[in-house]
Amino acid sequence: MGRPVDRELLTRSSTMVAPWLLNKLLIRDDGRAIRIVEVEAYGGSEDDASHARNGPTARCGAMFGPAGHAYMYFTYGMHWCCNVVTGADGVGEAVLIRAGEPVSGLVEMQACRSRARREVDVTNGPAKLCEALSVDGSFDGVDLCVESSPLVLLDDGTPPPRTPACSGRIGITRSVEWPWRWFVADNPFVSNPPG
DNA sequence: GGTAAGATCAGC
DNA sequence: CTGATCTTACCA
């Protein structure tokens, strides 16, 4: 189906890596897989919207670890979201996976997302795709660049869009104007929040 | 020790 | 638009 992405390419800054991750695959060890169609970059100096803004903490420690590992965070009392850690070891950066398109294991994903009536609602949000893939806090720090992991970032040869769509990040109140969200233009699985 | 906000989602 | 649900950060 593909090969794990090259960790070296993930050591670049989150704003370089984020659009490059579009069209890559996120795959579970049971075959469930999605194609990434929407991402956001976090971290770097001066990003007041990043969990890393106050330095490493118990919660966001994985952001400061080596590139290519997962940073999972729990929010709103009930949702897990998945990030790909980027940048040099010791630098607090990551890319939030905001939406994906199912490519295999759709039936299993729908079973995990029983409240989703329409197919797009299975994976068109950061917490939705984690629920669809049964990914939670126990995946914090998992290495996404080795095939033996329960969750792997795969490159199946599909290149990122030549000209990805770009906008401000969603669901934050600080640095909202920064154009750090990228998505595959016209893909129906891109999240579509009010506003 | 208290409180408010939060990288969200679903139902009305 | 609002409730669910709970962890973290920040202030006293």
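## Details of the pattern of salt bridges
Moving on, step 1. Considering all chains together, one arrives at twelve salt bridges under this definition.
Moving on, step 2. Across the salt bridge formed by Arg7 and Asp143, the nearest N and O atoms sit 2.9 Å from each other. One end of the pair, Arg7, is in helix H1 (residues 7-10); the other, Asp143, is in the loop between helix H4 (126-132) and strand E7 (151-155), and 136 residues separate them in sequence.
Moving on, step 3. A relative accessible area of 27% places Arg7 in the partly exposed class.
Moving on, step 4. With relative accessibility at 17%, the residue Asp143 sits in the buried group.
Moving on, step 5. Linking Asp121 and Lys128 is a salt bridge whose minimum nitrogen-to-oxygen distance equals 3.8 Å.
Moving on, step 6. Taking the relative accessible area as the measure of exposure, Asp121 reaches 15% and is therefore buried.
Moving on, step 7. Through salt bridges that share partners, Glu38, Glu40, Arg98 and Arg181 make up one connected network.

## Some words on the state of the cysteines
Moving on, step 1. Applying the stated criterion across every chain, the model contains zero disulfides.
Moving on, step 2. Cys82 supplies the cysteine sulfur nearest to Cys145, a cysteine that is in no disulfide, at a spacing of 12 Å.
Moving on, step 3. The class for Cys145 is buried, based on a relative accessible area of 11%.

## Considering the nonpolar core
Moving on, step 1. Core analysis: the biggest nonpolar cluster contains 43 residues, and Leu10, Leu21, Val39 and Leu153 have the highest contact counts within it.
Moving on, step 2. Those elements giving two or more residues to this core turn out to be helix H2 (14-21), strand E3 (33-43), strand E4 (70-75), strand E5 (79-85), strand E6 (93-104), H4, E7 and strand E9 (181-183).
Moving on, step 3. Broken down by element, this core gets its largest block of residues, five residues, from E3.
Moving on, step 4. If sequence neighbours within four positions are ignored, Leu153 has contacts with Arg3, Pro4, Val5, Leu10, Leu21, Lys24, Leu25, Leu26, Ile36, Val84 and Leu144.
Moving on, step 5. In terms of nonpolar packing, the next biggest core, distinct from the first, is built from 15 residues, Val85, Ala94, Ala127 and Ile172 among them.

## Some thoughts on the protein's contact with DNA strand C
Moving on, step 1. Around DNA strand C, the neighbouring residues are Asn54, Thr57, Arg59, Phe74, Tyr76, Gly77 and Met78.
Moving on, step 2. Those atoms of DNA strand C that come within 4 Å of the protein belong to sugar or phosphate at a rate of 60%.
Moving on, step 3. Within the backbone of Tyr76, a nitrogen or oxygen atom sits 2.5 Å from a base oxygen of DNA strand C.
Moving on, step 4. Gly77 places a polar main-chain atom, nitrogen or oxygen, 3.5 Å from a sugar or linking oxygen of DNA strand C.

## Things to note about the side chain of Thr123
Moving on, step 1. Turning to its location among the elements, Thr123 is positioned in the loop between helix H3 (106-112) and H4.
Moving on, step 2. One polar contact links the side chain of Thr123 to the main-chain carbonyl oxygen of Gly100, over a distance of 2.6 Å.
Moving on, step 3. Sequence-distant contacts of Thr123, defined by excluding residues within four places in its chain, comprise Ile34, Ala99, Gly100, Glu101, Pro102, Met109, Lys128, Leu129, Ala132 and Phe189.

Rules used throughout
Residues numbered from 1 in each chain as written. Chains lettered and ligands numbered in written order. Predicted model: local features only at pLDDT ≥ 70, side-chain atom pairs only at ≥ 80, totals over all residues. Heavy atoms only, no water. Salt bridge = Lys/Arg side-chain N within 4 Å of Asp/Glu carboxyl O. Helix = DSSP H or I, 4+ residues; strand = E, 2+ residues; numbered from the N terminus. Buried < 20%, exposed > 50% of the residue type's maximum accessible area, 1.4 Å probe, protein only. Disulfide = S-S within 2.5 Å. Core = buried A, V, L, I, M, F, W, Y, C linked by side-chain atoms within 4.5 Å. Contact = heavy atoms within 4.5 Å. Near = heavy atom within 4 Å. Polar contact = N/O pair within 3.5 Å; in protein donor to acceptor, adjacent residues only side chain to side chain.

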